[in-house]
Amino acid sequence: MPHSFGLRARTRYLFSRGFRNHGLLKTTTFLRTFRLGDYVDIKATGNVHKGMPHKFYHGRTGRVWNVTPRAVGVIINKRVGPRIIAKKIHVRTEHVKPSNSMAAHLKRIEENKKAVVEAKKAGKWVDVRRSPAAPKDGFFVNPRNTEFVEVKPVKYELLL
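Analysis parameters
- Residues numbered from 1 in each chain as written.
- Predicted model: local features only at pLDDT ≥ 70, side-chain atom pairs only at ≥ 80, totals over all residues.
- Heavy atoms only, no water.
- UniProt positions renumbered as here; feature names shortened; annotations may be inferred.
- Phe/Tyr/Trp six-rings, centres within 6.5 Å; stacked < 30°, edge-to-face > 60°.
- Lys NZ or Arg CZ within 6 Å of the ring centre and 35° of its normal.
- Helix = DSSP H or I, 4+ residues; strand = E, 2+ residues; numbered from the N terminus.
- Buried < 20%, exposed > 50% of the residue type's maximum accessible area, 1.4 Å probe, protein only.
- 1 Å grid on protein atoms, 1.4 Å probe; cavity = no way out; pocket = protein on both sides within 12 Å on 5 of 7 lines; lining within 4 Å.
- Points joined across faces, edges and corners; volume = space filled by probe spheres on them.
- Nonpolar A, V, L, I, M, F, W, Y, C, P; charged D, E, K, R; others polar.

Taking an unreviewed UniProt entry as the reference, the protein chain is identified by name as 60S ribosomal protein L21 belonging to Dictyostelium firmibasis. Under Sequence similarities (unreviewed entry), UniProt gives the following word-for-word description of the protein chain: "Belongs to the eukaryotic ribosomal protein eL21 family."

Given below as structure tokens:
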């Protein structure tokens, strides 16, 4: 049972850099532009101590609500007891990267737009809504054409 309850307690492996990932950060981390409403993943970079988020927010996804010269403000939902609180935190850009969580959704929107445009040109209506998978069709088993396999438990043997 741990006896230290500091800000970075129990983060030995959480904030450590990966194998052959030590040293200076790539320039792309500093040249990224973040806009309001962007979805970002918070991943604390261990070799930059300034503007580091608390360990709770490591690995969380949030939405940008404020942009400053070196940091971004992110809204993250935090569960506290039975309720969910929208927390606003500022995190330096070294600890933030653009999220791919909306990629599939945005791709589906583009495909739906193309399908609707093509259908309008053809003068038809196309259904772009998602529908659940239908149950499999039923079938009859012919006992003459199937082999029966007898399933029984294996005899217990004491192996010494």
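**Structural notes on the packing of aromatic side chains**
For the structure shown, the criterion picks out one aromatic pair. A ring pair is formed by Phe56 and Tyr57, whose centres lie 5.1 Å apart and whose planes are at 85°; its orientation type is edge-to-face. Against the face of Trp65 rests Lys88, its NZ or CZ located 4.3 Å from the ring centre.

**A short note on unusual backbone geometry**
Backbone geometry places Arg10, a non-glycine residue, at a positive phi of 60°. Tracing the chain through its elements places Arg10 in the segment before helix H1 (28-31). With relative accessibility at 52%, the residue Arg10 sits in the exposed group. Although it is not a glycine, Arg20 sits at a positive phi angle of roughly 60°. Mapped onto the elements of the fold, Arg20 is located in the segment before H1.

**Observations regarding the environment of Tyr57**
When you line up the elements, Tyr57 lands in the loop between strand E1 (39-42) and strand E2 (61-67). With 21 residues separating them in the primary sequence, Tyr57 and Lys78 have C-alpha atoms 8.8 Å apart.

**Digging into the layout of surface pockets**
Approximately 500 Å³ is the volume found for the largest pocket. Around the largest pocket, the lining is made up of 24 residues, and of these Arg17, Leu25, Thr29, Lys43 and Thr45 lie nearest the centre. Broken down by secondary-structure element, the contributors of at least two residues to the lining of the largest pocket are H1 and strand E5 (96-98). Residue composition of the lining of the largest pocket, by class: six nonpolar, eleven polar and seven charged. By volume, the second largest pocket is sized at about 150 Å³. Phe30, Pro69, Arg70, Ala71 and Thr93 are, among the 13 residues lining the second largest pocket, the residues nearest its centre. Within the residue set of the lining of the second largest pocket, elements represented by two or more residues are H1 and strand E3 (71-80). Residue classes in the lining of the second largest pocket are distributed as six nonpolar, three polar and four charged.

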